[in-house]
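# Examination of the molecular architecture
If you want the building blocks of each chain, they are given just below.
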Amino acid sequence: MIHFVVTEKGSFSIRFYLAEDGRTLADRIRIVLYDALARSRRLPLGTWVFTELDQLDAPGRELATRVAERLCAEHAGVRLMNDPRQVLLRTDLLRAAHRAGVNDHRVWPATDVRFGSHDGARPADVPTISAEALRYPVFVRFANQHVGNLTPLLESPRALVDALASLAAGGVSRRELIVVEFADTKDEHGVYRKFSAFKVGDRILPKALEQSRDWMVKWERRIFDRVRAEQELAYCETNPHETWIREMFALARIDYGRIDYGILGGRPQLWEINTNPTIGRGPNRNKTRKPEVVEYRAMIASARASFYEQFQRAWTAIDTPTSDTAVVDIDVPQALVRAMERGAKQRRNAERVGSLLNAVVRQPLVRPVARAVKRALAPLMAARL
């Protein structure tokens with residue numbers, strides 16, 4: 001049995017996969033929610049896959065660590081994947097990739113970027129960098145969320161100050177952000193490529209080659225034509241960067257997930273590894289598509305079919321046969337359970353308030369006022385930086 005540990009919010013992907021393309025695995029993969037795990041008294045043996053470690057708060061990470069330690073104490077009948085005690089999250093992983101000579105670009109927590117003398121009173125053992133010492137352009141994104149860039153490319157320290165101030169005025173904490181030096185991977189035709197591949201246990205499975213004239217390559221801005229389709233098919237069929245991909249997953253200490261990367265000067269550059277990537281086609285699989293998208297999907301259909309076949313085999317290969325009675329006891333402290341419950345309640349309340357505020361701000365009469373307030377706050381935030 002495979003125990004797939006995930007948050008309630010992030011469970012949509014594995015649920016849709018098991019309901020659609022992965023139906024034959026439904027009796028092998030058990031979805032375990034972190035919130036439910038906190039109330040568990042027994043842990044069944046088998047393969048445990050920890051996902052979304054970047055989405056957990058401190059109590060959630062403590063719970064994951066306790067569960068991993070208890071499972072590892074049972075040497076027989078347990079396979080642990082994405083060990084929460086070892087996995088490197090995005091910021092640490094990208095910094096490790098730069099130190100290893102893999103990535104040319106650097107990443108800094110936004111709180112570690114100094115502006116003028118205002119950030120001078122920092123502990124001596126906390127590494128920081130002056131905004132003037134960054135290699136521009138840079139952009140800002142969340143440290144742990146998967147929503148792409150929050151700013152356009154910023155060409156100067158002044159632009160970075162203004163961008164961080166604008167985000168702060170909009171309610172985004174500087175502690176949630178990272179500043180990333182831009183790696184210009186476009187080719188001679190001005191096209192950017194994002195390669196994506198999965199790792200499931202010991203298997204590397206190329207998934208997609210997306211191409212766009214936008215530096216932040218996303219599905220909605222992809223180029224859909226026969227040339228790109230043929231290149232994507234070739235990538236999926238030949239798996240040209242398999243050795244390098246294995247090295248990056250080893251660096252990250254991740255056993256299951258999807259890697260996204262580009263090529264700069266003939267060398268791969270790591271963007272991120274997502275431990276809970278979108279697997280199947282999800283709830284929008286029957287959404288009406290533009291004709292060029294439909295045609296493109298038809299051209300790469302063989303690669304998609306091959307991926308899902310290999311993906312299923314990879315899951316079967318990591319399954320650990322156990323009996324229904326093979327379990328270990330676990331005692332989760334009540335203080336930790338209560339902390340998990342408080343965190344879950346706070347997240348629900350924050351989501352409700354956020355939804356309400358978004359609904360209010362979108363109203364035609366309110367929108368100009370909200371923009372005016374944000375514009376008024378931004379200079380004050382910039383002055384504080």
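This one's a predicted model, so the numbers in the text were calculated from it and none came from an experiment. (Residues numbered from 1 in each chain as written. Predicted model: local features only at pLDDT ≥ 70, side-chain atom pairs only at ≥ 80, totals over all residues. Heavy atoms only, no water.)

Looking only at helices and strands, one finds 11 helices and 15 strands in the protein. The buried share of the protein, taken over its 385 residues, is 47%. Of the contacts formed within the protein by residues at least 6 apart in sequence, a portion of 69% connects residues at least 24 apart. If you sum the accessible surface of the protein, you get close to 19,500 Å²; carbon and sulfur atoms cover 52% of it. (Helix = DSSP H or I, 4+ residues; strand = E, 2+ residues; numbered from the N terminus. Buried < 20%, exposed > 50% of the residue type's maximum accessible area, 1.4 Å probe, protein only. Contact = heavy atoms within 4.5 Å. Areas by Shrake-Rupley, 256 points an atom, 1.4 Å probe, with all protein chains shown as cover.)

The subject of this paragraph is the sheet that holds strand β5 (residues 78–81). Ordered in space as β2-β1-β4-β5, the 4 strands form an open sheet in which the pairing is parallel. Where the open sheet ends on each side, the last strands, each with one partner, are β2 (29–33) and β5. Recorded for the sheet is a direction-independent mean angle of 20° between the axes of neighbouring strands. Two elements, strand β4 (residues 46–50) and β5, share 4 bridges in a ladder whose sense is parallel. Paired with W48 across the two strands is L80, which belongs to β5. Against the sheet, helix α1 (residues 12–19) touches β1 (2–6) and β2, its axis set at about 160° to β2. (Pairing = 2+ DSSP bridges. Axes fitted to C-alpha atoms, helices over the stretch in contact; angles between N-to-C directions.)

Turning our attention to the environment of I245. Assignment of secondary structure puts I245 in helix α7 (residues 242–252). With 14 residues separating them in the primary sequence, I245 and I259 have C-alpha atoms 7.7 Å apart. The contacts of I245, once residues within four sequence positions are left out, are A197, I204, Y235, N239, I259 and Y261.

Below, the discussion takes up helix α4 (residues 90–99). Every buried residue belonging to α4 is among R90, T91, L93, L94, A96 and A97, and all of these are buried. Phi for G101, located one or two positions after α4, is positive at around 80°.

Backbone torsion omega between Y136 and P137 reads 5°, so that peptide bond is classified as cis. With respect to the helices and strands, P137 occurs in the loop between β8 (129–130) and β9 (138–142). With phi around 60°, N82 is a residue other than glycine that occupies positive phi space. Its location among the elements puts N82 in the loop between β5 and α4. At N239, a position not held by glycine, the phi torsion is positive, near 50°. Considering the arrangement of structural elements, one finds N239 in the loop between α6 (226–238) and α7. Of the residues examined, N239 reaches a relative accessible area of 14% and is grouped as buried.

With that settled, consider the pairing of β9. Extensive coverage of β9 is indicated by the burial of 5 of its 5 residues. As paired elements, β9 and strand β10 (residues 177–181) share 5 bridges and run antiparallel to each other. Bridge pairing links V138 to E181 in β10.

A word on α1. For α1, the set of buried residues is S13, I14, Y17 and L18. Down the axis of α1, the sector holding all buried residues measures 125°, keeping them to one side. In this fold, the buried residues of α1 make contact with β1, β2 and α9 (301–318). (Arc of directions from axis to C-beta.)

Per the stated rule, a full pass over the model turns up 17 aromatic pairs. Taking 5.1 Å as the distance between ring centres and 65° as the angle between the ring planes, the aromatic pair formed by F195 and Y235 counts as edge-to-face. With a gap of 40 residues between them, F195 in strand β11 (residues 192–200) and Y235 in helix α6 connect regions that are remote in the sequence. Residue F195 is classed as buried on the basis of its relative accessible area, which comes to 8%. You can call Y235 buried: its relative accessible area is 3%. Relative to F311, the ring of F198 lies with its centre 5.5 Å away and its plane at 80°, an arrangement referred to as edge-to-face. Taken as a pair, F198 in strand β11 and F311 in helix α9 lie far apart in primary sequence, 113 residues in all. Judged by relative accessible area, F311 falls into the buried class, the value being 0%. Feature note: the residues F4, Y17, F198, Y256, F307, Y308, F311 and W315 constitute an aromatic cluster, connected by ring pairs. Note that R95 overlies the ring of W108, its terminal NZ or CZ placed 4.5 Å from the centroid. (Phe/Tyr/Trp six-rings, centres within 6.5 Å; stacked < 30°, edge-to-face > 60°. Lys NZ or Arg CZ within 6 Å of the ring centre and 35° of its normal.)

Right, let's talk about the side chain of S13 for a bit. By the element assignment, S13 lies in helix α1. Apart from residues no more than four positions distant in its own chain, S13 is found in contact with P277, T278 and I279.

The quantities given are spatial measurements derived from coordinates; they are silent on function.
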